[in-house]
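Structural overview
So the chains spell out like this:
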Amino acid sequence: MRHTIAVLVENEFGVLSRVVGLFSGRGFNIDSLTVAPTNDESLSRITLVTRGDEQIIEQITKQLNKLIDVIKVIDFEPENAIEREMVLVKVSAEDESRAEVLRIADIFRAKVIDVTPKSYTLEATGAPAKVAAMVELLRPLGLKELVSTGPVVIGRGARGWKG
């Protein structure tokens with residue numbers, strides 16, 4: 001089962017490597033990883049996606065909480081979170097497929113951010129399932145390159161990390 005976990009950490013040298021080392025040392029895989037400072041410059045937020053049953057996720061959460069620089073760990077439930085991902089896609093756009101690429105971009109509210117005589121580069125942001133659906137529709141047209149941020153997540157409602 002897929003889990004999106006957010007980890008609030010001290011913004012210190014080596015914290016990311018300790019978090020990643022915890023996963024690799026125990027044989028857990030990280031499907032996606034993003035890190036950025038928070039509104040408090042002394043803190044960073046690590047958002048990672050991993051897979052496992054409840055027992056494995058509980059073990060991961062407990063191990064993360066043992067790390068000295070970890071302040072808080074949240075395994076987000078889909079119904080209590082807003083999850084978004086950004087993707088850049090370079091797709092072939094020969095004469096016969098140019099209109100189709102633009103139609104797909106319009107349906108998914110993607111932006112055309114670069115144009116050449118043989119390709120378009122699109123930027124799309126949305127729920128991971130929406131982004132994946134757009135990529136799958138573009139795939140038969142000839143994906144040249146694909147780059148993704150991986151998901152980021154925030155809890156629903158007014159409460160923040162410390163709320």
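- Taking an unreviewed UniProt entry as the reference, the chain is identified by name as Acetolactate synthase small subunit belonging to Geomonas limicola.
- According to its UniProt record, the chain has this under Function (unreviewed entry): "Catalyzes the conversion of 2 pyruvate molecules into acetolactate in the first common step of the biosynthetic pathway of the branched-amino acids such as leucine, isoleucine, and valine."

1. Focus on helix 2 (residues 54–66)
- Here helix 2 spans 18 Å end to end across 13 residues, near enough to the 18 Å set by a 1.5 Å rise per residue.
- With a side-chain oxygen lying 3.1 Å from the backbone nitrogen of Gln-55, the N-terminal cap of helix 2 falls on Asp-53.

2. Some details on the packing of aromatic side chains
- Enumeration according to the criterion identifies 1 aromatic pair in this entry.
- Between the aromatic rings of Phe-23 and Phe-28, the centroid separation amounts to 6.3 Å while the plane-to-plane angle is 75°, which identifies the pairing as edge-to-face.
- The aromatic ring of Tyr-120 is capped on one face by Arg-98, whose charged end is 4.6 Å from the ring centroid.

3. Description of the sheet that holds strand 2 (residues 30–37)
- Sheet architecture is open: 4 strands sit in the order 2-3-1-4, paired in antiparallel fashion. Strand pairing shows two members of the sheet lacking a second neighbour, strand 2 and strand 4 (70–76), which therefore form its edges. Going across the sheet, the axis of each strand differs from the next one's by a mean of 15°, ignoring polarity.
- Where strand 1 (residues 2–10) meets strand 3 (residues 43–51), 9 bridges bridge the pair, whose relative direction is antiparallel. Within the sheet, the bridge partner assigned to Ile-5 lies in strand 3 and is Leu-48.

4. Side note on the pairing of strand 7 (residues 119–126)
- For strand 7, the tally of buried residues reaches 6 of 8 residues, placing the bulk of the element in the interior.
- Pairing of strand 5 (residues 81–92) with strand 7 involves 8 bridges; the strand directions are antiparallel. What sits directly across from Val-91, in strand 7, is Tyr-120.
- Across 5 bridges, strand 6 (residues 111–116) lies against strand 7 in antiparallel orientation. Its bridge partner lying in strand 7, Lys-111 is registered against Glu-123.
- Hairpin geometry of strand 6 and strand 7 is characterised by an intervening segment of 2 residues between the two adjacent antiparallel strands.

5. Side note on the environment of Leu-67
- If you trace the backbone, Leu-67 turns up in the loop between helix 2 and strand 4.
- For the pair Leu-67 and Gly-126, spaced 59 residues apart in sequence, the C-alpha to C-alpha distance is 32 Å.
- Residues in contact with Leu-67, not counting those within four places in the same chain, are Arg-18, Val-19 and Leu-22.

6. Describing the domain arrangement of the chain
- For the chain, the assigned domains are domain 1 (2–76) and domain 2 (82–154).
- Taking the mean C-alpha position of each, domain 1 and domain 2 sit 29 Å from one another.
- Listed per partner, the contact involves 9 residues of domain 1 and 8 residues of domain 2.
- Between domain 1 and domain 2, roughly 600 Å² of surface is buried when both sides are summed, and carbon and sulfur atoms account for 57% of that area.

So, how was this worked out
Residues numbered from 1 in each chain as written. Predicted model: local features only at pLDDT ≥ 70, side-chain atom pairs only at ≥ 80, totals over all residues. Heavy atoms only, no water. UniProt positions renumbered as here; feature names shortened; annotations may be inferred. Helix = DSSP H or I, 4+ residues; strand = E, 2+ residues; numbered from the N terminus. Expected span 1.5 Å × (residues − 1). Polar contact = N/O pair within 3.5 Å; in protein donor to acceptor, adjacent residues only side chain to side chain. Phe/Tyr/Trp six-rings, centres within 6.5 Å; stacked < 30°, edge-to-face > 60°. Lys NZ or Arg CZ within 6 Å of the ring centre and 35° of its normal. Pairing = 2+ DSSP bridges. Axes fitted to C-alpha atoms, helices over the stretch in contact; angles between N-to-C directions. Buried < 20%, exposed > 50% of the residue type's maximum accessible area, 1.4 Å probe, protein only. Contact = heavy atoms within 4.5 Å. Domains from an automatic or database assignment. Buried area = accessible area lost by both parts, 1.4 Å probe.

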